[in-house]
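Tertiary structure, described
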Amino acid sequence: AGMEGSGDAARAVADWRLAVWTLCSVLLPVLITAWCSFQRSRRQLLIRDIFRKSKHDWHYTDLFGQPSYCCVCAQHILRGAFCSCCGLRVSERCLKKADQRFLCKEIMMRGTAGAPSSMPHHWIRGNVPLCSCCMVCKQQCGTQPKLCDYRCVWCQYTVHDECMVDSLRTEDCTFGEFKDLIIPPYYLSAINQMRKEKRSSYEKVVPYCSKHWMPVMVLANTRSGNNMGEILLGEFKMLLNPVQVFDLSKIAPAKALQLCTWLPCNAVRVLVCGGDGTVGWVLDAIDEMKIKGQERYIPQVAILPLGTGNDLSNTLGWGAGYAGEVPVEQILRNVMEADGIKLDRWKVQVTNKGYYNLRKPKVFTMNNYFSIGPDALMALNFHAHREKTPSLFSSRIINKAVYFFYGTKDCLVQECKDLNKKVELELDGERIELPNLEGIIVLNIGYWGGGCRLWEGMGDEPYPLARHDDGLLEVVGVHGSFHCAQIQVKLANPVRLGQAHTVRLILKSSKMPMQVDGEPWAQGPCTVTITHKTHALMLYHSGEQTDDDDASSLSE
């Protein structure tokens, strides 16, 4: 009996040990995972806190795009933080030290006596651009697999460790290739001091007095098209003064453009990175400057097309879409070399039938085109779909595929048929007899529908040239979505209804889709009147010249 009792006790102890070990084997991984998760969350909070308080524009990446070395410990790193303004790269554990040790680009010089007209180089060690050359010996930099060589964050010149001498550390920076586009920090300091003293004689401030200086402002919409805006913001901040680069998702164009009042009259150039809608938003803000009496500060506008359609960009020679194929340096060169032209802007007034005394008419500003019919219906369906699931519409290819789907659907359903029986059209006060149509399109520019030259069609018929600066609108009709598709591949001509200075369209009955520059809505019986509003000062890039631009350049 005693032996049985001791055997039971031994089994009980063994069972307890098994239970304890099983519990440990289950709890230990859970506790380790929880501890690691807690530490990760704590570390992320600390990193976010450093990012928020820092004067650097830090961003975190899980994988650097090129071999990178920490600027503090000099170790090779695959992931970590980088500053999009000065280009510093640092490991996670060295982030706090780097933030305290290294200065970022100064947008405005502080604590300087008088009005300086120069500043020394701002050197950063390591992680120089690939294929860069030493400014002293002209040999390639950054070839060794370690933290080596220097780069100036303003002029972008690079120097070998062994070529760096004390004279280079104190030498005045020339601001490099883009000196005519950069706003120097010492200039902003001088203007700020003059404003405090209520002096407005900026003409003697360097580089204000330079006739070649044409400072550029970059206004990027990070939500446009293929979401490249975020990358471009960083690349432009690296090459220019960060104060010149604006994210339109964080600051309105009207506020950003007030920087023009600190700069020479009629010299500023604005590069808008976004779709045609973003360009229209910026041009509206420029019109507000005219109302405020700031007409002499109005800039000229260039376009980097990030949207889906980009017809205005195409018309002005900036291309149908940007996907990173052209280096940012070349884009800035194109902006420097671009020629100034004018763009007609039009007032579109929509007055609802039967509500003349009760409702204010809707007023739009048109840069590209107005339409009623199948293309407006496609835009309306597309926008309704994008509002429901915006995350699906981050690619230009997906956006065009959705347009194609709705266009194919309309070919079968024909929701806009017999339009000619529902509307009346007047061009410069003269009524036009309409043939059997499904859509009417009023054009200000040469391109329509994502790259189609609608007014030209197949190009086999004589017609007056379409221009964007002659105060004339081109009015065409289409027989349906299939006819639009035929025109886009040059298998058919549009129904050319005429050119006019003023267009009046009366929708007599039913509800029809309408759009102005890609912004669609469903409209009941109304009167639409299109009249000339103003001119916008644009920049035209001759590198991707179009026929319509040829005509404009000849008229200059």
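Scoring rules and cut-offs
Residues numbered from 1 in each chain as written. Predicted model: local features only at pLDDT ≥ 70, side-chain atom pairs only at ≥ 80, totals over all residues. Heavy atoms only, no water. Helix = DSSP H or I, 4+ residues; strand = E, 2+ residues; numbered from the N terminus. Buried < 20%, exposed > 50% of the residue type's maximum accessible area, 1.4 Å probe, protein only. Contact = heavy atoms within 4.5 Å. Areas by Shrake-Rupley, 256 points an atom, 1.4 Å probe, with all protein chains shown as cover. UniProt positions renumbered as here; feature names shortened; annotations may be inferred. Core = buried A, V, L, I, M, F, W, Y, C linked by side-chain atoms within 4.5 Å. Domains from an automatic or database assignment. Pairing = 2+ DSSP bridges. Phe/Tyr/Trp six-rings, centres within 6.5 Å; stacked < 30°, edge-to-face > 60°. Lys NZ or Arg CZ within 6 Å of the ring centre and 35° of its normal. 1 Å grid on protein atoms, 1.4 Å probe; cavity = no way out; pocket = protein on both sides within 12 Å on 5 of 7 lines; lining within 4 Å. Points joined across faces, edges and corners; volume = space filled by probe spheres on them. Nonpolar A, V, L, I, M, F, W, Y, C, P; charged D, E, K, R; others polar.

Topic: the overall build of the protein
Summing up its helical and strand segments, the protein has 14 helices and 24 strands in all. Split into buried and exposed, the 556 residues of the protein put 49% on the buried side. For the protein, long-range pairs separated by at least 24 residues make up 69% of all intrachain contacts whose partners lie at least 6 apart in sequence. Only carbon and sulfur atoms are counted for the fraction: they give 55% of the accessible area of the protein, which is about 27600 Å².

Observations regarding the UniProt feature "transmembrane region" (unreviewed entry) in the protein
As recorded in UniProt, the sites labelled "transmembrane region" (unreviewed entry) are residues 18–38. Each end of residues 18–38 is marked by a C-alpha atom, and these two atoms are 30 Å apart; helix forms 100% of the span and strand 0%.

Some details on the nonpolar core
One recurring pattern in soluble globular proteins is that nonpolar side chains are buried together. In terms of nonpolar packing, the biggest core is built from 104 residues, with Val90, Tyr187, Met217, Phe236, Leu257, Leu271 and Met538 touching the most fellow members. Split by domain, this core shows at least three residues from each of two domains, domain 1 (46–105) and domain 2 (214–337). Counting 32 residues, the second largest nonpolar core, distinct from the first, contains Val350, Ile432, Leu497 and Val528.

Overview of the sheet that holds strand β5 (residues 89–90)
A sheet is described by the order of its strands in space; here three strands give the open sequence β1-β4-β5, paired in antiparallel fashion. What marks the edges here is a single partner per strand, and that holds for β1 (58–61) and β5. In the sheet, β1 pairs with strand β4 (residues 80–83) via four bridges, with the strands oriented antiparallel. In the strand pairing of β4, histidine 59 is matched with phenylalanine 82.

Thoughts on the pairing of strand β18 (residues 439–443)
Within β18, five of the five residues are buried, which leaves the element mostly enclosed by the surrounding structure. Residues Gly439, Ile441 and Leu443 line one face of β18 and the alternating positions Ile440 and Val442 line the opposite face, and both faces are buried. In this sheet, β18 lies alongside strand β15 (residues 369–372) in antiparallel orientation, the contact comprising four bridges. When the sheet's bridge partners are listed, tyrosine 369 is paired in β18 with leucine 443. Note: β18 against strand β19 (residues 473–478), five bridges, orientation antiparallel. Residue pairing in the sheet places glycine 439 in a bridge with valine 478 of β19.

A closer look at the packing of aromatic side chains
The full count for this structure, using the stated rule, is four aromatic pairs. Seen in terms of ring centroids, tyrosine 187 and tryptophan 213 are 5.0 Å apart; in terms of plane orientation they differ by 70°. Their pairing is edge-to-face. Here tyrosine 187 is found in helix α4 (residues 185–196), whereas its partner tryptophan 213 is found in the loop between α4 and β9 (216–220), with 26 residues between them in sequence. For tryptophan 213, a relative accessible area of 4% puts it in the buried group. Members of the aromatic cluster, connected to one another through ring pairs, are Trp154, Phe175 and Tyr186. Lysine 105 extends its terminal NZ or CZ atom over the ring of tryptophan 154, reaching a point 4.7 Å from the ring centre. For the cation-ring pair, arginine 169 lies above tyrosine 150, with the distance from its terminal atom to the ring centre recorded as 5.4 Å.

Digging into the layout of surface pockets
Taken as a whole, the second largest pocket spans an internal volume of roughly 1300 Å³. Counting only elements with at least two residues in the lining of the second largest pocket, the list comes to β4, α5 (229–239), β10 (245–247) and α9 (328–337). Ranked by residues supplied to the lining of the second largest pocket, first place goes to α5 with nine residues. Taken together, the residues of the lining of the second largest pocket break down into 25 nonpolar, 11 polar and 11 charged. Both of domain 1 (46–105) and domain 2 (214–337) provide at least three residues apiece to the lining of the second largest pocket.

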